[in-house]
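This is what each chain is made of:
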Amino acid sequence: MCSKDYIELAENSILHTYNRFPVVLDKGKGVYLYDLEGKEYLDFGAGIAVFSLGYGNEEYNEALKGQIDKLIHTSNLYYNVPMAEAADKLLKASGMSRVFFTNSGTEAIEGAIKAARKYAWLKDKSTDHEIIAMRHSFHGRSLGALSVTGNRHYQEPFKPLIGGVKFADFNDLDSVKEAVTEKTCAIILETVQGEGGIYPAEEGFLKGIKEICAEKDILLILDEIQCGMGRTGSMFAWQQYGVEPDIMTCAKALGCGVPVGAFVLGEKAAAKSLEPGDHGTTYGGNPLACAAVSKVFDLFEKQDILAHVREITPYLEEKLDALVDKYDFLKERRGKGLMQGLEVMGRPVGEIVSRALGNGLIVISAGTNVLRFVPPLIISRSQIDEMTEKLEKSF
Ligand SMILES: *Cc1c(COP(=O)(O)O)cnc(C)c1O
């Protein structure tokens with residue numbers, strides 16, 4: 001069977017919630033992907049900011065194979081070695097106190113919301129607490145996460161959502177202040193907005209929010225699902241702001257391809273929120289997923305991934321800035337580290353993305369008019385050159 005046959009098979013069986021590009025990806029090596037016919041693609045999408053170590057990292061693959069032969073699943077009624085090790089490494093990297101492993105980003109958000117509500121409930125036993133979220137945010141598709149996702153188009157058909165959510169404007173501290181009430185239990189935001197169009201939080205904004213939270217005993221939830229795990233040059237983006245969250249969510253690159261997420265609690269939230277019986281999951285913290293997480297932290301250290309991201313970022317920025325200078329329809333570059341966006345004016349981004357695919361380059365879009373660049377973190381200068389060449393051809 002060839003690509004066309006598999007596409008037809010999928011189209012006849014998979015629920016149609018995605019408009020997929022007509023490509024069947026079959027294998028990967030380093031920062032390249034190959035379709036069923038063997039065509040090569042330079043990958044600046046990394047499975048949506050997931051596969052940071054590149055495809056076919058031998059040590060990562062061996063760790064997973066070893067765990068498969070040993071033990072794949074146990075449930076959370078017992079302890080397992082990879083879970084303990086992965087949790088310890090995640091806490092050391094973040095300086096936070098407690099971790100709960102989930103299977104996805106959206107579940108990490110659900111847990112974060114529950115932890116914040118429980119924290120507030122323990123204080124006053126009232127059941128009408130509010131959460132402030134940001135417009136143009138993205139936190140996931142399950143109902144709780146969707147409720148704090150500032151995108152009307154995603155929300156409308158699924159109402160009523162969870163109650164008590166208010167929206168403020170990202171990078172506008174006054175609009176956050178206006179939304180705060182006595183009932184506010186949490187403020188949730190992405191340190192760098194991803195799906196909304198690659199908008200890094202401004203330092204004054206994040207620090208201002210932290211001050212409000214500290215003053216009113218509101219929990220700060222930072223969603224690091226896309227911008228965390230080294231993507232911006234520090235293990236977590238908030239570490240560059242000197243603003244520590246009370247709750248952090250992780251997923252995407254946490255397992256570098258194995259489905260896993262986590263919500264991580266700081267000291268305050270860990271001491272007084274979720275207790276035995278409050279939350280659970282069959283798969284979360286599964287030995288196979290946690291073997292991946294544990295190895296990812298090891299390899300980040302061994303390969304000094306953070307130093308590489310910091311070293312290579314100015315080169316990517318320079319190349320993208322040169323494109324903005326050269327082409328009138330490119331309005332601006334935004335981003336942090338290897339999470340960059342080019343805002344496009346007057347041309348459909350989807351068309352550029354499609355043409356790039358034809359030219360053997362995977363880039364993805366964000367928002368309605370942004371080209372998003374989230375390559376594996378091991379990307380090299382020559383591969384950045386190759387990307388800009390293929391991208392220009394696609395303009
Ligand atoms: C992808 C993403 C999510 C949702 O994660 P899933 O694993 O798709 O459920 C939540 N928040 C942010 C910032 C994301 O980028």
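These figures come from a predicted structure and were not determined experimentally.

Points about the packing of helix H3 (residues 58–70) against helix H11 (residues 287–302)
- At a closest axis distance of 9 Å, the pairing of H3 and H11 adopts a crossing angle of 155°. The angle between H3 and H11 places the two elements in the roughly antiparallel class. With respect to the hand of their crossing, H3 and H11 are arranged in right-handed fashion. Contacts between H3 and H11 pair Glu-59, Tyr-60, Ala-63, Leu-64, Gln-67 and Ile-68 from the former with Pro-287, Leu-288, Ala-291, Ala-292, Lys-295, Val-296, Leu-299 and Lys-302 from the latter.

Structural notes on the site of the ligand
- Taken together, Ser-104, Gly-105, Thr-106, Phe-138, His-139, Gly-140, Glu-190, Asp-223, Ile-225, Gln-226 and Lys-252 make up the full set of residues adjacent to the ligand.
- Between Gln-226 and the ligand, the recorded distance is 2.8 Å, taken from a side-chain N or O atom to an oxygen atom.
- Between the ligand and Lys-252, the relevant distance is 2.6 Å, taken from an oxygen atom to a side-chain nitrogen or oxygen of the residue.
- Coverage of the ligand by the protein chains reaches 81% of its 380 Å² of free accessible surface.
- Broken down by class, the residue content of the shell around the ligand amounts to 2 nonpolar, 6 polar and 3 charged.

A look at the UniProt feature "binding site: N(2)-acetyl-L-ornithine" (unreviewed entry) in the protein chain
- When the UniProt feature table is mapped to this numbering, "binding site: N(2)-acetyl-L-ornithine" (unreviewed entry) covers Arg-141 and Thr-281. Here, the second largest pocket is lined by Thr-281 out of the annotated residues.
- Relative to the assigned elements, Arg-141 resides in the loop between strand E5 (130–134) and helix H6 (143–147).
- Not counting residues within four places of it along the chain, the set of residues in contact with Arg-141 comprises Thr-106, Leu-146 and Tyr-154.
- Its place among the elements puts Thr-281 in the loop between helix H10 (267–271) and H11.
- Residues within four places of Thr-281 in sequence aside, it is in contact with Asn-76, Phe-100, Phe-101 and Asn-103.

Conventions we followed
Residues numbered from 1 in each chain as written. Predicted model: local features only at pLDDT ≥ 70, side-chain atom pairs only at ≥ 80, totals over all residues. Heavy atoms only, no water. Axes fitted to C-alpha atoms, helices over the stretch in contact; angles between N-to-C directions. Helix = DSSP H or I, 4+ residues; strand = E, 2+ residues; numbered from the N terminus. Parallel < 35°, antiparallel > 145°, perpendicular 65-115°, else oblique. Left-handed = near helix turned anticlockwise from the far one by under 90°. Contact = heavy atoms within 4.5 Å. Near = heavy atom within 4 Å. Polar contact = N/O pair within 3.5 Å; in protein donor to acceptor, adjacent residues only side chain to side chain. Areas by Shrake-Rupley, 256 points an atom, 1.4 Å probe, with all protein chains shown as cover. Nonpolar A, V, L, I, M, F, W, Y, C, P; charged D, E, K, R; others polar. UniProt positions renumbered as here; feature names shortened; annotations may be inferred. 1 Å grid on protein atoms, 1.4 Å probe; cavity = no way out; pocket = protein on both sides within 12 Å on 5 of 7 lines; lining within 4 Å.

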